[in-house]
Amino acid sequence: MMMMMMSSCRINNIAVMVLLIMAYCNMKYCEAQLSPDFYSNSCPKALSTIKNSVSKAIAKERRMAASLIRLHFHDCFVQGCDGSILLEDSATIISEQNALQNFKSVRGFNVVDDIKSAVEQVCPGVVSCADILAVASRDASKYVGGPSWTVKLGRRDSKSASKDLAEANLPIAFDDLNALLSSFARQGLSARDMVALSGAHTIGMAQCITFRSRIYNDSNVDGGFASTRRRPCPPVTGNGDGNLAPLDLVTPNSFDNNYFKNLLRRKGLLHSDQALFNGGSSTTDGIVSGYARNQASFYSDFSAAMVKMGDISPLTGSDGEIRKFCGAIN
Ligand code: HEM
Ligand SMILES: *[C@@H]1O[C@H](CO)[C@@H](O)[C@H](O)[C@H]1NC(C)=O
């Protein structure tokens with residue numbers, strides 16, 4: 001009897017210990033978790049080095065702020081935030097840069113290479129390309145007058161890329177509201193996250209080929225706005241496809257809430273922009289007008305949504321690798 005009690009007691013103790021370890025694991029070590037101070041011992045100069053390089057690049061070309069933020073978005077929606085978009089064609093890689101949504105469109109790769117080489121100088125082999133994209137996005141937003149937020153770190157870089165997944169997961173300019181909602185829902189992002197994140201179109205440019213059908217064929221478009229945008233974007237495919245127009249017609253170089261104010265006036269450049277506000281009663285109409293009225297609420301939701309987007313399926317622990325060059329696996 002005594003023996004039995006002791007042994008069951010022992011089993012209980014062991015069970016309790018296992019449970020405690022499991023609980024602790026979940027909180028700290030075992031589960032994939034990013035943390036803002038990931039590099040504070042291994043590379044204390046990582047953040048300031050990235051920031052300096054980002055500042056230099058945007059000082060040289062203001063649009064680069066937009067291009068860097070977009071790279072992080074296009075990274076995170078494909079296999080998670082793992083730097084996969086940065087991988088170039090090679091024997092084992094079909095680059096995501098060839099995907100429809102990226103081809104002749106995503107840019108900033110030279111800047112990312114510059115940032116990476118500056119970081120490699122201060123601590124070789126420590127900081128991932130995926131983390132560089134996340135930090136650069138925050139620094140870019142701040143530089144052009146947008147919100148700042150604390151970036152969680154510790155992502156590792158993929159050894160693979162997927163052009164097919166890029167084409168399947170990245171939204172396109174011709175998407176309607178339902179397609180947009182399901183594309184973001186697939187990544188665990190809500191309608192509110194989606195509208196806030198789309199506010200990144202407060203900066204940067206789009207090519208004629210992405211907004212041609214909107215300015216010639218959409219009905220929910222301001223007439224004067226459409227005719228202004230038609231001039232550098234002729235109706236026939238193949239003519240002026242690459243000609244640029246600002247995504248935010250009012251202040252394309254500053255991060256503010258004019259993007260949402262434009263939508264209220266039916267002056268969204270992309271069909272997908274205007275899909276967020278139709279002047280009807282869809283769920284996103286109210287979110288758009290809220291951000292148009294209150295820039296602070298846009299800023300705080302944008303920051304939270306960028307953190308949430310940055311959390312999409314990171315590689316951690318011993319998964320993936322820390323690339324030496326962002327464009328190729330080691
Ligand atoms: C809601 C679905 C979205 C669609 C359909 C979409 C589509 C597009 C398209 C077609 C362009 C122009 C590309 C070109 O003409 O080369 C563009 C540019 C841009 N997108 Fe989006 N986008 C979406 C959401 C986002 C999100 C969530 C972000 C970031 C958080 C973002 C950031 C940007 C930026 C900053 C640019 C300008 C880039 C530059 O000037 O280099 N977009 N987007
Ligand atoms: C506008 O729609 C018509 C009819 O569907 C189509 O033939 C035409 O190519 C479209 N034009 C543009 C610029 O998208």
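What you see is a predicted model, and the numbers here were worked out from it, not measured in a lab.

Asker: It is not clear to me how the overall build of the chain should be interpreted in this structure. Could you clarify?
Answerer: Helices and strands together make up the secondary structure of the chain, namely 14 helices and two strands. When its C-alpha atoms are laid out on the principal axes, the chain stretches across 90 × 50 × 35 Å. By residue count, 48% of the 330 residues in the chain fall in the buried class. Contacts in the chain between residues far apart in sequence, at least 24 positions, make up 75% of those at least 6 positions apart. Positive and negative side-chain charges of the chain, numbering 34 and 30 respectively, have mean locations separated by a distance of 5 Å.

Asker: Would you mind going over the coordination of the iron atom of ligand 1 with me for this structure?
Answerer: The reference angle at a metal is 109.5 degrees if four donors form a tetrahedron and 90 or 180 degrees if six donors form an octahedron. Within the protein, a single donor atom binds the iron atom of ligand 1, namely His-201 (NE2) at 2.0 Å. Assignment of secondary structure puts His-201 in the loop between α8 (191-198) and β1 (205-207).

Asker: I tried to follow helix α13 (residues 283-293) on my own but got confused; where do I start?
Answerer: Residues that lie three or four places apart on an α-helix share one face, since the helix turns once every 3.6 residues. Of all the 11 residues making up α13, eight are buried; the element is thus mostly covered by neighbouring parts of the structure. Among the residues of α13, Thr-284, Asp-285, Ile-287, Val-288, Ser-289, Gly-290, Tyr-291 and Ala-292 are the ones counted as buried.

Asker: Quick question: what am I supposed to make of the site of ligand 2 here?
Answerer: Close to ligand 2 lie Arg-212, Ser-213, Tyr-216, Asn-217 and Pro-235. For ligand 2, whose unbound accessible area comes to 360 Å², protein coverage reaches 37%. Looking at the shell around ligand 2, its residues break down into two nonpolar, two polar and one charged.

Asker: Would you take a moment to explain the UniProt feature "binding site: substrate" (unreviewed entry) in the chain for this structure?
Answerer: Within the UniProt annotation, "binding site: substrate" (unreviewed entry) is assigned to Pro-171. Tracing the chain through its elements places Pro-171 in the loop between α6 (163-169) and α7 (177-185). Discounting chain neighbours no more than four positions away, the residues touching Pro-171 are Phe-73, Phe-77, Gln-101, Leu-180, Ser-183 and Phe-184.

The rules behind the values
- Residues numbered from 1 in each chain as written.
- Chains lettered and ligands numbered in written order.
- Predicted model: local features only at pLDDT ≥ 70, side-chain atom pairs only at ≥ 80, totals over all residues.
- Heavy atoms only, no water.
- Helix = DSSP H or I, 4+ residues; strand = E, 2+ residues; numbered from the N terminus.
- Buried < 20%, exposed > 50% of the residue type's maximum accessible area, 1.4 Å probe, protein only.
- Contact = heavy atoms within 4.5 Å.
- Lys, Arg positive; Asp, Glu negative; His and termini not counted.
- Charge placed at Lys NZ, Arg CZ, Asp CG, Glu CD.
- Donors = N, O, S within 2.8 Å, 3.2 Å for Na, K, Ca; no water.
- Near = heavy atom within 4 Å.
- Areas by Shrake-Rupley, 256 points an atom, 1.4 Å probe, with all protein chains shown as cover.
- Nonpolar A, V, L, I, M, F, W, Y, C, P; charged D, E, K, R; others polar.
- UniProt positions renumbered as here; feature names shortened; annotations may be inferred.

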